[in-house]
Structure formats: structure tokens, C-alpha cells
Amino acid sequence: QVQLVQSGAEVKKPGASVKVSCKASGYTFISYQIHWVRQAPGQGLEWMGIINPSGGSTSYAQKFQGRVTMTRETPTSTVYMELSSLRSEDTAVYYCAREAVATGVFDCWGQGTLVTVSS
Amino acid sequence: DIQMTQSPSSLSASVGDRVTVTCRASQTISSSLNWYQHKPGKAPKLLIYATSSLRSGVPSRFSGSGSGTDFTLTISSLQPEDFATYCCQQSYSVPYTFGQGTKLEIK
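Residues numbered from 1 in each chain as written. Chains lettered and ligands numbered in written order. Predicted model: local features only at pLDDT ≥ 70, side-chain atom pairs only at ≥ 80, totals over all residues. Heavy atoms only, no water.

Points about the overall build of chain B
Logical step 1: When its secondary structure is counted, chain B shows 0 helices and 11 strands.
Logical step 2: Start at the N end of chain B and walk to the C end: the helices and strands fall as β-β-β-β-β-β-β-β-β-β-β.
Logical step 3: Computed over C-alpha atoms, the radius of gyration of chain B comes to 13 Å, within 12% of the 13 Å expected from 2.2 N^0.38 for 107 residues, which places it in the range of a compact globule.
Logical step 4: Along the longest, intermediate and shortest principal axes, the C-alpha atoms of chain B span 35 × 25 × 25 Å.
Logical step 5: Within chain B, contacts between residues separated by at least 24 positions form 55% of all contacts whose residues are at least 6 apart in sequence. (Helix = DSSP H or I, 4+ residues; strand = E, 2+ residues; numbered from the N terminus. Rg over C-alpha atoms; globule rule 2.2 N^0.38 Å. Contact = heavy atoms within 4.5 Å.)

Below you can see the structure in the form of C-alpha cells.
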């Protein structure tokens, strides 16, 4: 079955970087774009950006431009989201989500990765 | 960016009740509106896409309607497993944006 499995929880200090992985299975990896969405405590879901696993092209929300990098590793069907210059406001659960082809609809989500930024 | 506003932010209801959640977009999004169910510690689940299309496997007590800027999610008869947070999302234009969520609690 279609599945996205994310890496485990992370605790980081302010100013550090974090890299979260999202391993896809059960479908053709390069055929579906992957988005990253986060949810800070008590807040709604926030879209961070998108990566096309086929060619590796990306598009990021303006809020995260310059701090976020999304990459993919085709042989392992894994996408990565790296966020740098972490601050306490980046404490959140980070999700990867698969987009149903060309619809903007997220039909499968990873289980989430809690990133805690604390000194 | 398109702003999505959900109401109410929380709702208390009983098993068997009919409930409606509203989502309003800051500009027209045609029918590009999707609904997700989110339970604590779990991944969000797609319920309805393109305003009113029920995802395969989702119970028929869930339905969606609307167009343009105003949309609704209706649960016709609440079941115990339906108590969760419901979130709308516009897929009309990037950046895709979400409503703040409606937490459905047991009365």
C-alpha cells in the first residue's frame, strides 16, 4: 500500500539545522510530487514547499525561502527537508504529503516528525 | 496568498448529531477545496476533495458542498470515531493554504 515513513523526532538548539527524511513505498516514486507541511503547537497546518521527485525541481513558500532545502534520493525513494537557522518558532510537527497527480490534493501523509528547538 | 477561515474553531456535539463546518476563502477558488480529518499523533487523512468528491473508503455520512469562496463539510450522523479536528485546504493556487481547523469534541 502507499506509505510515507518519516524519520524520528529531533531536538535542536537555536541556530542549528535539521534534516527530516520521508521514505515512499507502494507506488512509483517519481510520478508524484511531495509537499512538506508543518503544524506548530496550537496552530493550523502550514505549507512549506514542494519537490518534484522526477527532476528534483522545488518551490518554497516565501516565508521559508533561504532557510529550507528539499532534495530527493531516487534510488531509495526518499525525499528530505532541511531547515536551517532554527528558532524556537520552528518547533512543530513536520509532515511530508503526496500530491494526487496535478491536483494539489494531499492523498497520503507521513506520520509526522516532531522537531523541538530549545536551548 | 489565499487566506482560509474556518468556523467554528471548536464544536461540541453528541453521537448521532448532524454537524456542519464552514470554510471561507479570501478570494474565489472555484471548487478547489479539500477537507482533512486530523487526530492527535496521527497523520491527517483526506476525506473530501474538489469540494464534494468523497474519497474512496470514506463513510457516506461525510459530505461537502460550496463553490467560489464559501464551503461546508457536513457529517450527517456523528459516530464516536469522528471526534477529531477537521481542516480545509485550498488547492487553487500555490502556496496551498489551510484553515485553522475545527476541533470536534464530545458533548
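After presenting the structure, the write-up continues.
Considerations on the pairing of strand β11 (residues 113-117) of chain A
Residue and element names in this part refer to chain A.
Logical step 1: The side-chain alternation of β11 yields one buried face, formed by Thr113, Val115 and Val117, and one unburied face, formed by Leu114 and Thr116.
Logical step 2: For strand β2 (residues 10-12) and β11, the ladder comprises 3 bridges, and the chain directions are parallel. From the neighbouring strand, Glu10 faces β11, where its bridge partner is Val115.
Logical step 3: Two strands pair when backbone bridges link them, and strand β9 (residues 92-99) and β11 are joined in this way by 3 bridges, in the antiparallel orientation. Each residue of the ladder has a partner; that of Ala92, found in β11, is Val115. (Buried < 20%, exposed > 50% of the residue type's maximum accessible area, 1.4 Å probe, protein only. Pairing = 2+ DSSP bridges.)

A look at the nonpolar core
Logical step 1: Within the largest apolar cluster, 43 residues are counted, with the highest numbers of intra-cluster contacts made by Trp36, Met48, Met81, Leu83, Phe106 and Trp109 of chain A together with Phe98 of chain B.
Logical step 2: At the level of secondary structure, the elements contributing two or more residues to this core comprise β3 (18-25), β4 (34-39), β5 (45-51), β7 (68-73), β8 (78-83), β9, β10 (106-109) and β11 of chain A.
Logical step 3: Residues contacting Phe106 of chain A, with those up to four places away along its chain left out, are His35, Val37, Trp47, Ala97, Arg98 and Glu99 of chain A together with Tyr36, Leu46, Gln89, Tyr96 and Phe98 of chain B.
Logical step 4: Counting 23 residues, the second-largest nonpolar core is a separate cluster that includes Met4, Cys23, Ala25 and Ile75 of chain B. (Core = buried A, V, L, I, M, F, W, Y, C linked by side-chain atoms within 4.5 Å.)

Remarks on the sheet that holds strand β3 (residues 19-25) of chain B
Residues and elements named next belong to chain B.
Logical step 1: Pairing within the open sheet is antiparallel, and its 4 strands lie in the order β1-β3-β8-β7. Both outer strands of the open sheet, β1 (4-7) and β7 (62-67), are each paired with one neighbouring strand and no more. Sheet twist, expressed as the mean angle between neighbouring strand axes with direction ignored, is 20 degrees. (Axes fitted to C-alpha atoms, helices over the stretch in contact; angles between N-to-C directions.)

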